[in-house]
Amino acid sequence: MLASKSWDIDLAQSEKQTLFRFSSLYILLSIVIISVFSYMYYDSQKELMLQEKKSLLQEHSKTLLQDLKYLHINFDKERTYPRVPNFNSAIFDSDKKLIFSTSDIKLRLHKILYLENSKIYLVNIPESYYLGAKYVVLSMSDDEVWLKKTKKELIIFNSIAFVFMLFIGYILLRLFLKPMRDAIHLLDRFIKDTTHELNTPVSTIVTNIEMIDTSLLDEKLKKKINRIDIGAKTISNIYQDLTYLTLGNKIVSNDEKLDIYHVVLERVEYFNSLALAKKVTLSITLLQNTTLVIDKAKFSKLLDNLISNAIKYNKIKGTVEIIISKNSIIVKDSGIGIEPQNISKMQERYARFNKSSGGFGIGLSIVSHIAKEYKLNIKIDSKENQGTEVIISW
Amino acid sequence: MVKTLIFLTLFSSILFSSTIYEKNCVSCHKKLPVSIDKYFYRYLLKYSSEKDTKKAIYLYLKKPTKEKSVMAEAFISRFGVKPKTTLHDNELKKAINSYWRKYKVFGKLQ
């Protein structure tokens, strides 16, 4: 995510998800690797400590056995179990039944030397079973100095390792993103160059058509001029979309208090010829006039995309209704609608679900972008073959 | 009443076992220079658990051999291997139980 942001790449949702999944998987894997190594290190340190204590325990075990031997021989006279300061011991018979214990010691035979509940245990099996003791268990408290030292070392090493792994991950991410970034940059550069070249001829056509006095023309020529007007406006619209797309992030907003109804009226008039060509009726329902502080060019772009989509994906003799209320603007059409599973993907860049009409699939992506900038909410309700309703609320 | 009966039964059983042990074991061992408890600790040294010790004593008494004896070779050479027991299995087991109870280590260490 960080890499995509720093490179100024507008990644699609699916790409972001892939990046997120990769990052999560990488971090998880790093944690697993670090955990395994940490456990191995902890285990080795524990073994080292146990080996250090082993000789001490063995020495005391030897003394204890000598005392047990003495007790065994003189059991008719002496019955005091031998005790060693700082050590506890227990003796068990061959059926693992406790004969005597100086503390709560349980017999475990999985290892002869082990650490359990902060106590170190040594299990000794003597050759002769004095007092019937087949298993002699000796225990001592673990001072846990090694544990504190190991924990400290692990925290330091793990932090360094994790930062290093993150750095490697970042480099890997950059490597993986490079082809994607190159492809997107290539496309953006191509669009930028194309739109730049389109700018002058499109402006010339639109301006000159607007300058023609249609009242002086005969009906046949008027129709032809109208068709040129529609075509030029469509190109102009695409041009503006592409310009916004390539320069969108760099366009400085010039926010002002806008009378929504007036802007809507202006844009409806602009699209009137396009709607007429498809025999689509454009209507405005003003429930309550409202104002919004927003950049006029951006709000017009937002409206243009919604209206042109509503016309483009409409039926012949269909309707487009624009409802203005206090906190929302609704563009409702009687068009072909969208499949429910595609609604969530509509705002993705280059997403197209109808191949019968032209377009780049960038219209709603721009709408979404502008709405995000001005914290406007977008809700799309659509029913196949019944129509689509786009609600922009604030 | 029931408790008293159970207690009396157990008590009489222990007393009876003890009598078998005293009559058939202690009486002969008294004549030997090594006291009877020393044999017990010899068994304990070799067999450790109650089950294994009792089993070893039983097997030895049923068919005493030099190999099965826990005593030192010099002791066997001097006093020989004891004759086979004439006690019934049941009586023998009772006598061994008494022997175990008398010299066991469990509960005696301080």
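Residues numbered from 1 in each chain as written. Chains lettered and ligands numbered in written order. Predicted model: local features only at pLDDT ≥ 70, side-chain atom pairs only at ≥ 80, totals over all residues.

Novice: Residue-level account of the overall build of chain B, with values.
Specialist: The helix and strand tally for chain B stands at 5 helices and 0 strands. Along the chain direction, N to C, the helices and strands of chain B fall in the order α-α-α-α-α. Here chain B, with 110 residues, has 18% of them falling under the buried criterion. (Helix = DSSP H or I, 4+ residues; strand = E, 2+ residues; numbered from the N terminus. Buried ≥ 20, exposed ≤ 12 C-beta atoms within 10 Å, placed from the backbone.)

Novice: An account of the confidence of the model for chain A is requested, with residue identities and associated values reported.
Specialist: Overall, the prediction assigns chain A a mean pLDDT of 84, with 89% of residues at 70 or greater. Every residue in residues 1–9 of chain A is under pLDDT 50, and counting partners more than four places away or in other chains gives 14 contacts. (pLDDT = per-residue confidence, 0-100. Contact = placed C-beta atoms within 7 Å.)

Novice: Which residues make up the interface of chain B and chain A, and what are the values?
Specialist: The partner chain A presents 18 residues to the 13 residues of chain B that form the contact. Elements supplying a minimum of two residues to the side of chain B that touches chain A: α2 (36–47) and α3 (50–62) of chain B. For the side of chain B that touches chain A, the element with the highest residue contribution is α2 of chain B, accounting for 4 residues. Class assignment of the residues belonging to the side of chain B that touches chain A gives a composition of 6 nonpolar, 3 polar and 4 charged. (Nonpolar A, V, L, I, M, F, W, Y, C, P; charged D, E, K, R; others polar.)

Novice: Mind laying out the pairing of strand β9 (residues 319–324) of chain A, listing which residues take part and the relevant values?
Specialist: Within a regular strand, the side chains alternate between the two sheet faces. Residue and element names in this part refer to chain A. In the sheet, strand β7 (residues 281–286) pairs with β9 via 6 bridges, with the strands oriented parallel. In the sheet register, L286 faces β9, and the bridge partner there is I324. Direction of pairing for β9 relative to strand β10 (residues 328–333): antiparallel, over a ladder of 5 bridges. Paired with I324 across the two strands is I329, which belongs to β10. Counted between consecutive antiparallel strands, the loop separating β9 from β10 contains 3 residues. (Pairing = 2+ DSSP bridges.)

Novice: Help me get a handle on helix α3 (residues 145–211) of chain A, residues and values and all.
Specialist: Residues and elements named next belong to chain A. Compared with the 99 Å implied by 1.5 Å per residue over 67 residues, the 91 Å span of α3 between its first and last C-alpha is a close match. Its axis deflected by about 40 degrees at L177, α3 carries its strongest bend there, up to four residues before the proline P179. Taken residue by residue, α3 has T150, I184, T195 and V202 as its buried positions. (Expected span 1.5 Å × (residues − 1). Bend = angle between axes of the 7 residues up to and from the residue.)

Novice: If you had to explain the pairing of strand β5 (residues 135–141) of chain A to someone new, which residues and values would you point to?
Specialist: Residue and element names in this part refer to chain A. Counting buried positions along β5 gives 5 out of 7 residues, so the element sits mostly inside the fold. As judged from the 5 bridges shared by strand β1 (residues 88–92) and β5, these two strands associate in the antiparallel manner. Residue S89 lies in a different strand from β5, and its bridge partner there is L138. For strand β4 (residues 119–124) and β5, the ladder comprises 6 bridges, and the chain directions are antiparallel. Along β5, the bridge assignment pairs K119 with S141.

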